[in-house]
Amino acid sequence: MAHSSLSEAKKQKEDEYYTQYIDIENEINAYLDYNPKLFHNKIVLLPCDDPETSNFTKYFAQNFEILGLKKLISTSYALNSKRHKKGHQLSFLEENDKNFDKSITNTNGKIFTLTKDKNNDGKIDIEDLEWDYLEGDGDFNSDEITKLRDVSDFIITNPPFSIFKEFYNWATIEGKYFIIISNKNAVTYKDVFPMIMNNQVWTGKTKWSGGLWFETKHKENVDKVIDGIDMKNIPAIWLTNIDHGRRHEPIPLMTKADNLKFNKDLAGKKDYDKYINYDAIDIPKTLAIPNDYKGLMGVPISFLDRFCPEQFEIVGTSDNAMIDDVYKLTESLPRKFIEDYNSTGKKITKSSKDPVFYENGKDPKKSYTRIFIRNIDVSK
Ligand SMILES: C[S@@+](CC[C@H](N)C(=O)[O-])C[C@H]1O[C@@H](n2cnc3c(N)ncnc32)[C@H](O)[C@@H]1O
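The structure presented is a predicted model; accordingly, all values stated were derived computationally and were not measured.

The rules we used
- Residues numbered from 1 in each chain as written.
- Predicted model: local features only at pLDDT ≥ 70, side-chain atom pairs only at ≥ 80, totals over all residues.
- Helix = DSSP H or I, 4+ residues; strand = E, 2+ residues; numbered from the N terminus.
- Buried ≥ 20, exposed ≤ 12 C-beta atoms within 10 Å, placed from the backbone.
- Contact = placed C-beta atoms within 7 Å.
- Pairing = 2+ DSSP bridges.
- Axes fitted to C-alpha atoms, helices over the stretch in contact; angles between N-to-C directions.
- Near = placed C-beta within 6 Å.
- Nonpolar A, V, L, I, M, F, W, Y, C, P; charged D, E, K, R; others polar.
- Parallel < 35°, antiparallel > 145°, perpendicular 65-115°, else oblique.
- Left-handed = near helix turned anticlockwise from the far one by under 90°.
- Core = buried A, V, L, I, M, F, W, Y, C linked by C-beta atoms within 7 Å.
- Domains from an automatic or database assignment.
- pLDDT = per-residue confidence, 0-100.

1. Quick notes on the overall build of the protein
In terms of regular secondary structure, the protein is built from 10 helices and 18 strands. Counting over 380 residues, the protein shows a buried share of 36%. A separation threshold of at least 6 residues defines the contact pool for the protein, and within that pool the share at least 24 residues apart is 69%.

2. A word on the sheet that holds strand β13 (residues 280–282)
Strand order in the open sheet formed by four strands is β13-β14-β18-β15, and the pairing between neighbours is mixed. Each edge of the open sheet carries a strand with a single partner, namely β13 and β15 (312–317). Mean inter-strand twist for the sheet, computed between neighbouring axes without regard to direction, equals 35°. Pairing of strand β14 (residues 296–299) with strand β18 (residues 371–375) involves three bridges; the strand directions are antiparallel. Residue pairing across strands places G298 opposite F372, the latter belonging to β18.

3. Some thoughts on the site of the ligand
Around the ligand, a shell composed of 21 residues is seen, among which T19, C48, Y77, N158 and P160 lie nearest. At the level of elements, β1 (17–19) and α3 (55–62) are the ones that each hand at least two residues to the shell around the ligand. By residue number, the principal contributor to the shell around the ligand is β1, which donates three residues. Of the residues that constitute the shell around the ligand, the class distribution is nine nonpolar, seven polar and five charged.

4. Considerations on the packing of helix α2 (residues 21–34) against α3
Contact geometry of α2 with α3 gives a least axis separation of 9 Å together with a crossing angle of 55°. Classed by the angle they form, the pair α2 and α3 counts as oblique. Crossing handedness for the pair α2 and α3: right-handed. Of α3, the residues touching α2 (which contributes Y21, I24, E25 and I28) are N55, F56, K58 and Y59.

5. Re the nonpolar core
Membership of the largest hydrophobic core comes to 77 residues, with the highest contact counts inside it found for V44, F60, F64, L72, I196, M297 and I373. Looking at which domains feed residues into this core, each of domain 1 (2–246) and domain 2 (256–379) supplies at least three. Excluding its chain neighbours within four sequence positions, the residues that come into contact with I373 are M297, V299, F303, F312, E313, I314 and V315.

6. Side note on the environment of E166
Relative to the helices and strands, E166 is located in helix α7 (residues 164–171). For the pair E166 and N141, spaced 25 residues apart in sequence, the C-alpha to C-alpha distance is 8.3 Å.

7. Some points on the confidence of the model for the protein
Scored by pLDDT, the protein comes out at a mean of 88, with 87% of its residues at no less than 70. Taken as a whole, residues 1–6 scores under 50 in pLDDT and shows eight contacts with residues more than four places along the chain or in a different chain. Counting interchain partners and residues more than four positions distant, the pLDDT-below-50 stretch residues 321–332 has 24 contacts.

8. Points about the sheet that holds strand β4 (residues 110–114)
Strand pairing in a sheet relies on backbone hydrogen bonds. The paired strands run either parallel or antiparallel. Read across the sheet, eight strands follow the order β5-β4-β3-β2-β6-β7-β12-β8 without closing on themselves; strand pairing throughout is mixed. In the strand order of this sheet, the two ends are held by β5 (130–133) and β8 (202–203), each with one partner. Here four bridges tie β4 to β5, and the two strands are oriented antiparallel to one another. The residue bridging F112 from the neighbouring strand is W131, located in β5.

9. Quick word on the environment of E144
Within the secondary structure, E144 is located in helix α6 (residues 143–151). Looking at E144, the number of C-beta atoms within 10 Å reads 17, which means it is partly exposed. For the pair E144 and L134, spaced 10 residues apart in sequence, the C-alpha to C-alpha distance is 8.0 Å. In this structure E144 touches L134, E135 and G136, once residues within four positions along its chain are discounted.

10. Comments concerning the pairing of strand β11 (residues 229–234)
Both strand β9 (residues 212–216) and β11 contribute to a ladder of four bridges, which runs antiparallel. In the sheet register, F214 faces β11, and the bridge partner there is K232. Inspection of the sheet shows strand β10 (residues 224–226) paired to β11 by three bridges, in the antiparallel sense. What sits directly across from V225, in β11, is D230. Linking two consecutive strands that pair antiparallel, namely β10 and β11, is a turn of two residues; a positive phi of about 50° is found at D227 within it.

11. A closer look at unusual backbone geometry
The phi angle of most residues is negative, glycine excepted, and most peptide bonds adopt the trans form. Even without a glycine there, the phi angle at N120 is positive, about 50°. Structurally, the position occupied by N120 is in the loop between β4 and β5. The exposure class assigned to N120 is exposed, which follows from the 8 C-beta atoms found within 10 Å. Positioned with a positive phi, N199 is a non-glycine residue whose angle comes to about 55°.

So, in structure tokens, the structure goes:
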């Protein structure tokens, strides 16, 4: 995992981060710009979403008619099953309702559905949500929620970070659209990357830089407080299998010669560094990709933020299962290089995956995780 640290792992065990309305609206607008009828007559499932805290529920309920939805289903996870129980309130719908049942309110999940103008005020909105207790605790992986997934067209949410991989595998099933939030590093997971490489999954419209700001219930891990609300910044991104315009915009790039002359990320270099353990050149930043290079190039994972499948083909990553395709020099990694490198006290073996190059032709340097790409036009 690139840039991994113990504290990041610890943070990923925390689940109570709530997505901001504006972030949801901006992201969904990108899909609607591309296909205004995307949600017409469709069923949307929000499987980790209590209307009390979830702006996903608020967004889809408030825009139910504009989007032309057939049905909105939002399910919530029981308080007693959550890792973090502090600071939670009863749902505004539950509190004063005749169905309120004190004996199961903390043990059972809830289902909220929206289909019609229940209160006859001439519009369908959040006031028309109907609710009930679920049989179980609302775990997305339960049979009860899986049945709801199977009858829905879209699975949309910011899922619990602590069990992202399970959620990803549950949500990405054939025939369903999904829009979910993940940590940036998830793109190299072995369940995720092959799907990105095969153009079955891609990142959303929202830029990666700056991460996303979430409201958090984890009081001990707050970055700033706005109007009394605790906020946390997380290097999070959107993952989806729904098309949008940004992904078809090619990255504007310079030639190799111009990059070496003008690009400050290559300042002082006579040429791009070539890896010792991969048949590829190292690209320090996405905008330093030369537009006239035929061979394989190792780019940072943030390249996916600008990836256009008509411009580049992804052939693998140094981080996981697809490595065999590009790890050409495993057998021929020069013995002298291994000896020299190990004599510096660092370790590289034949199975080292991180790309290594001699910086400026002399000092061995390991790069972070790289994605290997090829320019479609010039490599023809
Ligand atoms: C990162 S928060 C996001 C909440 C909401 N989707 C949003 O974006 O504001 C994930 C939520 O999923 C809940 N959760 C944790 N484990 C779950 C599970 N197995 N099934 C369903 N929800 C779960 C957490 O308690 C938490 O409220």
